[in-house]
Amino acid sequence: MKDQIVRTEGLKKYYRLGENIVKALDGVDFSVEEREFVAIIGRSGSGKSTLLHMIGGLDVPTSGEVYVDGKRLSEMNREQLAIFRRRKVGFIFQNYNLVPDLSVYDNVVLPVELDGKRVDRHFVREILELLHLEEKQDALPGMLSGGQQQRAAIARAVASKPSIILADVK
Ligand SMILES: Nc1ncnc2c1ncn2[C@@H]1O[C@H](COP(=O)(O)OP(=O)(O)OP(=O)(O)O)[C@@H](O)[C@H]1O
Ligand SMILES: [Mg+2]
């Protein structure tokens, strides 16, 4: 067996919605090997975003465990989890979540800067070129098309050279 970069065990996420309980995840056992590319397909509301949020440490499961790179997320305190998200996870949000007041370039390098790391400008330029965003790097997200915003979100997720990329894409 190759090294598993992501593993979940009996992962459950229940949301309370007024009187009702929504079982968004109800016992998910799932793993991804290093360098593996996995696509999760399911109808709207089937729990895809919820699963990615749990793996990326953006939200806490009702029960069950998530391991990323051998580390159990439930063992981490808030600060450790924040560092985990910044260094290990590149997250492409379903609604992109770009910071509206920052240029594309500043959005892309923000996670690296928040981590107190030196920005690898060559690497960032390479990413922006690959994603055909070099001419938009000074633009605000609101000036971009939907596809350009999505590519800016991809550039941001890749810029910090994370261990895993979680792409909640449409
Ligand atoms: N914060 C929340 N509070 C209550 N219910 C929620 C919350 N977030 C998600 N849900 C519910 O959990 C279920 C799974 O939602 P989720 O967003 O994970 O689905 P999805 O597969 O990503 O759907 P889509 O393809 O439309 O993006 C849905 O029934 C949704 O209404
Ligand atoms: Mg979703």
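Just so it is clear, the structure is predicted and the values come from calculations on it, not from any experiment.

Trainee: Help me understand the coordination of the magnesium ion (ligand 2) in this model?
Mentor: For a metal with four tetrahedral donors the ideal donor-metal-donor angle is 109.5 degrees, while six octahedral donors give ideal angles of 90 or 180 degrees. The coordination sphere of the magnesium ion (ligand 2), as far as protein atoms go, consists of Ser49 (OG) and Gln94 (OE1), spread over 2.0 to 2.2 Å. Residue serine 49 is found in helix H1 (residues 48–55), and its partner glutamine 94 is found in the loop between strand E5 (89–92) and helix H3 (104–114); the two are separated by 45 residues along the sequence.

Trainee: Looking at this structure, I do not really get the layout of surface pockets. What am I missing?
Mentor: If a probe as big as a water molecule is rolled over the atoms, it shows which places are left empty. By volume, the largest pocket is sized at about 920 Å³. In this structure, the largest pocket is lined by 35 residues; those nearest its centre are Val38, Leu52, Ile165, Leu166 and Ala167. Of all the secondary structure elements, the ones that give two or more residues to the lining of the largest pocket are strand E1 (4–17), strand E2 (20–33), H1 and strand E6 (164–167). The residue makeup of the lining of the largest pocket, split by class, is 20 nonpolar, eight polar and seven charged. The residues that make up the lining of the largest pocket include at least three from each of domain 1 (4–75) and domain 2 (104–167). Of the volumes computed, that of the second largest pocket is approximately 390 Å³. Arg85, Val89, Phe93, Pro111 and Arg156 are the residues nearest the centre of the second largest pocket, which is lined by 16 residues in total.

Trainee: Can you help me understand the environment of lysine 136 in this one?
Mentor: Relative to the assigned elements, lysine 136 resides in the loop between helix H4 (121–130) and helix H5 (146–159). Classification of lysine 136 as partly exposed rests on a relative accessible area of 29%. Other than its neighbours up to four places away in sequence, lysine 136 contacts Val104, Leu144 and Gln148.

Trainee: Looking at this structure, how should I read the packing of H4 against H5?
Mentor: In a pair of packed helices, the angle between the axes and the distance between the axes together describe the arrangement. Relative orientation of the contacting elements H4 and H5 amounts to 150°, with a least axis distance of 10 Å. With respect to each other, H4 and H5 are oriented roughly antiparallel. For the pair H4 and H5, the crossing hand works out as right-handed. When H4 is examined against H5, the residues Phe123, Ile127 and Leu128 are found in contact with a partner set consisting of Ala155, Val158 and Ala159.

Trainee: Just to check I follow, could you spell out the domain arrangement of the chain for this structure?
Mentor: How large an interface is tends to be reported as the accessible area lost when its parts come together. Taken domain by domain, the chain holds domain 1 (4–75) and domain 2 (104–167). A straight line from the C-alpha centre of domain 1 to that of domain 2 covers 26 Å. Between domain 1 and domain 2, the residue contacts involve seven residues of the former and four residues of the latter. Summing the contributions of domain 1 and of domain 2, the shared interface buries around 380 Å²; its carbon and sulfur component is 86%. On the surface where domain 1 and domain 2 come into contact, there are zero salt bridges. Here domain 1 and domain 2 share zero residue pairs in polar contact (both at pLDDT 80 or more) between them. Among the elements of the structure, E1 and H1 are those that each provide at least two residues to the side of domain 1 that touches domain 2.

Trainee: Would you mind going over the site of ligand 1 with me for this structure?
Mentor: In the vicinity of ligand 1 lie 13 residues, with Ser44, Gly45, Lys48, Thr50 and Gln94 positioned nearest. Contacts to ligand 1 include threonine 50, whose side-chain N or O atom sits 2.5 Å from an oxygen atom. In isolation ligand 1 exposes 640 Å². Once the protein is present, 63% of that is buried. When each cavity is represented as a set of grid points, ligand 1 is found to reside in the largest pocket. By residue number, the principal contributor to the shell around ligand 1 is H1, which donates three residues. Among the residues forming the shell around ligand 1, the class breakdown is four nonpolar, seven polar and two charged.

Here is what the cut-offs are and how they apply
- Residues numbered from 1 in each chain as written.
- Chains lettered and ligands numbered in written order.
- Predicted model: local features only at pLDDT ≥ 70, side-chain atom pairs only at ≥ 80, totals over all residues.
- Heavy atoms only, no water.
- Donors = N, O, S within 2.8 Å, 3.2 Å for Na, K, Ca; no water.
- Helix = DSSP H or I, 4+ residues; strand = E, 2+ residues; numbered from the N terminus.
- 1 Å grid on protein atoms, 1.4 Å probe; cavity = no way out; pocket = protein on both sides within 12 Å on 5 of 7 lines; lining within 4 Å.
- Points joined across faces, edges and corners; volume = space filled by probe spheres on them.
- Nonpolar A, V, L, I, M, F, W, Y, C, P; charged D, E, K, R; others polar.
- Domains from an automatic or database assignment.
- Buried < 20%, exposed > 50% of the residue type's maximum accessible area, 1.4 Å probe, protein only.
- Contact = heavy atoms within 4.5 Å.
- Axes fitted to C-alpha atoms, helices over the stretch in contact; angles between N-to-C directions.
- Parallel < 35°, antiparallel > 145°, perpendicular 65-115°, else oblique.
- Left-handed = near helix turned anticlockwise from the far one by under 90°.
- Buried area = accessible area lost by both parts, 1.4 Å probe.
- Salt bridge = Lys/Arg side-chain N within 4 Å of Asp/Glu carboxyl O.
- Polar contact = N/O pair within 3.5 Å; in protein donor to acceptor, adjacent residues only side chain to side chain.
- Near = heavy atom within 4 Å.
- Areas by Shrake-Rupley, 256 points an atom, 1.4 Å probe, with all protein chains shown as cover.
- Sits in = over half its atoms within 2 Å of the grid points.

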